[in-house]
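Spelled out, the chains give:
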Amino acid sequence: MKTQKSILSLALIAGLAISLIACGEKKLDDHAEGSEEHDHEAMSETMENMDQEMTMAGTASKTELINEYLEIKKALSANNKEDAAKAASKLAENAKTISFDQVSTDNKTTVNEILEVIQEHSEHIAKSEMDHQIEHFQAMGKDFEDLLAIVGSDRKLYEQYCPMYNNNEGGMWLSDSEEIVNPLFAGKMQTCGSVKKVIDVG
């Protein structure tokens, strides 16, 4: 009888041990599966964020182009060739990288040609003395206006004109303010000019 009880006790202990081992292995498997699923989700999210960052880093925006153009205008109005050069360097780089995907195929060639001219003017402004900076800025105004006529503007702008620039040949620029602050005379004659045209948001 004692022998039978001992055998029964051993059988119960062995069964309990097997159950505990099996349960432990299942928990480990569940944890491993959960960790693997979490790792896949985290990796997917990281890759997605990297893709977004690369897209943002590689493409400039229309807003940046306009901001940099206006920064050059502001610097020239204040007779500050250093700030004009800094803004022009950024504009040249962004004109090189920007892509207007929404533009029709018929207009893409024209847009790219205008951007190349804007880039060239900006590069000259970035490395020139004040009089040469003003010369290229004045010429670039018409190119900017032509670009915005195709791709639209993100804000209201004003085409402004001074008839006395370049020995009374006249010169134009774009501004985000109706007030005249002339950038074509290196800080002088700032009120010379008038609004010729309004460019609406579009």
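Residues numbered from 1 in each chain as written. Predicted model: local features only at pLDDT ≥ 70, side-chain atom pairs only at ≥ 80, totals over all residues. Heavy atoms only, no water.

Novice: Just checking my understanding: could you explain the overall build of the protein chain for this structure?
Specialist: If you tally the helices and strands in the protein chain, you get six helices and three strands. Along its sequence from the N terminus, the protein chain presents helices and strands in the succession α-α-α-α-α-β-α-β-β. Put simply, the protein chain has 202 residues, and 33% of those count as buried. Long-range contacts, defined as pairs at least 24 residues apart, comprise 64% of the intrachain contacts of the protein chain with a sequence gap of at least 6. As displayed, the protein chain offers around 12,800 Å² of accessible surface, 54% of which is attributable to carbon and sulfur atoms. (Helix = DSSP H or I, 4+ residues; strand = E, 2+ residues; numbered from the N terminus. Buried < 20%, exposed > 50% of the residue type's maximum accessible area, 1.4 Å probe, protein only. Contact = heavy atoms within 4.5 Å. Areas by Shrake-Rupley, 256 points an atom, 1.4 Å probe, with all protein chains shown as cover.)

Novice: Would you mind showing me how to read the nonpolar core here?
Specialist: When a protein is soluble and globular, its nonpolar side chains tend to lie buried together. The biggest cluster of nonpolar side chains holds 40 residues, and the ones touching the most others in it are Ile72, Phe100, Phe137, Met140, Phe144 and Leu147. At eight residues, the largest contribution of residues to this core is made by helix 5 (residues 130-151). (Core = buried A, V, L, I, M, F, W, Y, C linked by side-chain atoms within 4.5 Å.)

Novice: Where do I start with the sheet that holds strand 1 (residues 157-162) in this structure?
Specialist: The strands that make up a sheet are held in pairs by hydrogen bonds between backbone atoms, and each pair lies either parallel or antiparallel. As summarised here, the arrangement of the three strands in space is 2-1-3, forming an open sheet in which the pairing is antiparallel. Of all the strands in the sheet, just strand 2 (171-175) and strand 3 (194-199) have a single pairing partner and so form its edges. Between one strand axis and the next, the sheet turns through 25 degrees on average, direction left out of account. With respect to the sheet, helix 2 (residues 62-77) is in contact with strand 1 and strand 2, its orientation differing from that of strand 2 by roughly 125 degrees. (Pairing = 2+ DSSP bridges. Axes fitted to C-alpha atoms, helices over the stretch in contact; angles between N-to-C directions.)

Novice: When you look at the packing of helix 2 against helix 5 in this model, what are you seeing that I'm missing?
Specialist: Two quantities define a packed helix pair, namely the angle between the axes and the distance from one axis to the other. One can describe the packing of helix 2 onto helix 5 by two numbers: an axis separation of 11 Å at closest approach and a directional angle of 150 degrees. For the element pair helix 2 / helix 5, the angle class is roughly antiparallel. Between helix 2 and helix 5 lies a crossing of left-handed hand. Contacts from Lys62, Leu65, Ile66, Tyr69, Ile72, Lys73 and Leu76 in helix 2 reach Met130, Gln133, Ile134, Phe137, Met140, Gly141, Phe144, Leu147, Leu148 and Val151 in helix 5. (Parallel < 35°, antiparallel > 145°, perpendicular 65-115°, else oblique. Left-handed = near helix turned anticlockwise from the far one by under 90°.)

Novice: Could you clarify how one ought to interpret the pairing of strand 1 in this entry?
Specialist: If a strand is regular, its side chains alternate between the two faces of the sheet. Burial of strand 1 is extensive: five of the six residues sit out of reach of the surface. Pairing of strand 1 with strand 3 involves five bridges; the strand directions are antiparallel. Pairing of Leu157 across the sheet is with Ile199, part of strand 3. Bridge analysis of strand 1 against strand 2 gives five bridges, and the strand direction is antiparallel.

Novice: Is there a simple way to think about the confidence of the model for the protein chain in this case?
Specialist: Low-pLDDT stretches of the model should not have their predicted coordinates read in fine detail. Across the protein chain, the average pLDDT comes to 81, with 71% of residues at 70 or higher. Counting contacts from residues 16-40, a segment whose pLDDT is below 50, to residues more than four positions away or on other chains yields zero contacts. Per-residue pLDDT stays below 50 along residues 46-58; that stretch engages in one contact with residues further than four places along the chain or on separate chains. (pLDDT = per-residue confidence, 0-100.)

Novice: How do you make sense of the environment of Ser175 when you look at a structure like this?
Specialist: Structurally, Ser175 can be placed in strand 2. We classify Ser175 as buried; its relative accessible area is 1%. A sequence separation of 106 residues divides Ser175 from Tyr69, and the C-alpha atoms of the two residues are 9.2 Å apart. In this view, Ser175 contacts Leu70, Lys73, Lys156, Leu157, Tyr158 and Gln160; residues no more than four positions away in its chain are not counted.

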